[in-house]
Amino acid sequence: DAMVIQNPRYQVTQFGKPVTLSCSQTLNHNVMYWYQQKSSQAPKLLFHYYDKDFNNEADTPDNFQSRRPNTSFCFLDIRSPGLGDAAMYLCATSRDGRGYEQYFGPGTRLTVT
Amino acid sequence: GIQVEQSPPDLILQEGANSTLRCNFSDSVNNLQWFHQNPWGQLINLFYIPSGTKQNGRLSATTVATERYSLLYISSSQTTDSGVYFCAVEAGGSTLGRLYFGRGTQLTVWP
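Predicted model only: the values in this text are computed from it and were never measured. All residue numbers refer to positions counted from 1 along the written sequence of the respective chain. Each chain is given a letter, starting from A, and each ligand a number, starting from 1, according to the order in which they appear as written. In keeping with the model being predicted, local features are shown solely for residues with a pLDDT of at least 70 and side-chain atom pairs are shown and tallied solely at 80 or more, while totals for entire chains, interfaces and linings include all residues. By convention in this description, side-chain values take in all heavy atoms of the structure and omit both hydrogens and water.

### Re the overall build of chain A
Looking only at helices and strands, chain A features zero helices and eleven strands. Under the DSSP-based scheme used, a helix requires at least four consecutive residues in state H or I and a strand at least two consecutive residues in state E, with every element numbered from the N terminus. Starting at the N terminus and walking to the C terminus, you meet the elements of chain A as β-β-β-β-β-β-β-β-β-β-β. C-alpha atoms define the radius of gyration in this analysis, and the globule rule sets the expected value at 2.2 Å times the number of residues to the power 0.38. Relative to the compact-globule value of 13 Å for 113 residues, chain A shows a C-alpha radius of gyration of 13 Å, a close match. Taken along its principal axes, the extent of the C-alpha atoms in chain A is 35 × 30 × 30 Å. The buried share of chain A, taken over its 113 residues, is 50%. Surface accessibility in these figures is a Shrake-Rupley result with a 1.4 Å probe; residues are shielded only by whichever protein chains are displayed. Entry remark: accessible area of chain A is about 5,500 Å², with carbon and sulfur atoms responsible for 47%. Between buried and exposed lies partly exposed: a residue is buried under 20% and exposed over 50% of the maximum accessible area for its type, with that area taken using a 1.4 Å probe on protein chains only.

Here it is as structure tokens:
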């Protein structure tokens with residue numbers, strides 16, 4: 001089945017130690033999104049790629065970066081994680097940008113110690 | 001950005017009961033989706049429904065775009081329906097597919 005896959009499902013990192021989260025998709029969708037969801041809150045968009053074009057949300061901290069080396073993969077890099085970055089990170093895809101359904105992966109739960 | 005309000009914030013039901021969840025939004029939309037977030041945190045797509053009515057088993061949804069609201073109906077609720085239900089919308093003027101989420105409805109179904 002076509003799907004959105006995130007690895008790892010659980011990640012523990014130390015304060016200030018860089019961490020990379022991975023997302024892959026078999027849907028061949030043009031757009032890939034990264035959302036952050038803190039406990040008991042709604043998901044919040046960090047950034048997304050439309051094909052190779054990167055679109056950053058205005059309030060996304062510089063500490064968060066992303067890479068999309070090809071259509072199938074997208075990475076979220078947190079350069080110096082702080083305790084406030086502990087959250088669920090959700091990857092989503094859509095066939096195109098405007099008006100298309102988004103499909104979410106299972107998420108990566110990040111703990112910062 | 002577009003405002004999305006969900007009600008009620010919390011809902012507790014006995015198994016077998018019916019319920020209606022509401023989502024109000026402040027502007028025209030290209031896209032409206034309902035999700036169920038399971039206990040492991042995954043967002044499960046329930047409906048893609050920018051307008052009209054859809055049904056899938058015990059669940060159905062209606063979006064009245066002109067009046068800027070959507071309703072999710074759950075009939076004969078089961079304990080496995082427990083979790084958080086999110087409504088998310090894409091503003092009509094968007095070219096990028098950005099979804100704005102409501103704060104969710106926490107549903108608890110007791111046996």
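### Points about the nonpolar core
All names here are of chain B. Think of a nonpolar core as a cluster: buried Ala, Val, Leu, Ile, Met, Phe, Trp, Tyr and Cys residues, connected wherever their side-chain atoms sit within 4.5 Å. If you look at the biggest cluster of nonpolar residues, it comprises 23 residues, and the most contacted ones within it are W34, L72 and V89. Elements supplying a minimum of two residues to this core: β2 (10-14), β3 (19-25), β4 (29-37), β5 (43-48), β7 (59-64), β8 (69-74), β9 (83-91) and β11 (105-110). For this core, the leading source of residues is β9, giving four residues. Setting aside residues up to four positions removed in sequence, V89 forms contacts with I2, V4, F25, V29, N31, L32, R98, L99 and Y100. Throughout, a residue-residue contact means that at least one pair of heavy atoms, one from each residue, lies within 4.5 Å.

### Re the packing of aromatic side chains
Note on aromatic pairs: the rings of Phe, Tyr and Trp (six-membered ring only in Trp) are paired at centre separations within 6.5 Å, and the planes decide the class, stacked below 30 degrees, edge-to-face beyond 60, tilted for the rest. Counted according to the given criterion, the structure contains eleven aromatic pairs over all chains. Arranged with centres 6.3 Å apart and planes meeting at 15°, the rings of F73 of chain A and F75 of chain A form a pair that is stacked. Classification of F75 of chain A by relative accessible area gives buried; the value is 18%. Judged by centre distance (6.2 Å) and plane angle (80°), the ring pair of F104 of chain A and F101 of chain B falls under edge-to-face. With F104 of chain A in strand β10 (residues 103-104) and F101 of chain B in strand β10 (residues 99-101), this residue pair bridges two chains. Among the residues examined, F104 of chain A registers a relative accessible area of 6% and is labelled buried. For F101 of chain B, a relative accessible area of 12% corresponds to the buried category. Among the aromatic side chains, those forming a connected cluster through ring pairs are Y33, Y35 and F104 of chain A together with F35, F86 and F101 of chain B. Lysine NZ or arginine CZ positioned within 6 Å of the ring centre and within 35 degrees of the ring normal marks a charge as sitting over the ring. It is R22 of chain B that lies over the ring of Y69 of chain B; its NZ or CZ is 4.3 Å from the centre. In this structure, R98 of chain B packs its charged tip against the face of Y100 of chain B, placed 3.9 Å from the ring centre.

### Section: the sheet that holds strand β1 (residues 4-7) of chain B
Residue and element names in this part refer to chain B. If you trace the five strands from one edge of the open sheet to the other, you get β1-β3-β8-β7-β6, paired in antiparallel fashion. One side of each edge strand has no neighbouring strand; the edge strands of this open sheet are β1 and β6 (52-56). Ignoring which end each strand starts from, the neighbouring axes of this sheet average 15° apart. Paired strands, as defined in this entry, are two strands with at least two bridges between them according to DSSP. In terms of strand pairing, β7 meets β8 through six bridges, oriented antiparallel. Of the residues in β8, the one forming a bridge with T62 is L71. To get an axis, a line is fitted to the C-alpha atoms, and for a helix only the part in contact is used. The angle between two axes follows their N-to-C directions and goes from 0 to 180 degrees.

### Comments concerning the pairing of β4 of chain B
One face of the sheet, then the other: side chains in a regular strand alternate in exactly this way. All names here are of chain B. Summarising burial for β4: nine of the nine residues are buried, a large majority. Bridge count between β4 and β9: eight bridges; the pairing is antiparallel. Across the sheet, residue Q33 finds its bridge partner in β9, namely A88. Taken together, the five bridges between β4 and β5 define a ladder with antiparallel strand orientation. Within β5, the residue paired with H36 across the bridge is I44. Where β4 hands over to β5, the hairpin turn is made up of five residues, of which G41 adopts a positive phi near 95°.

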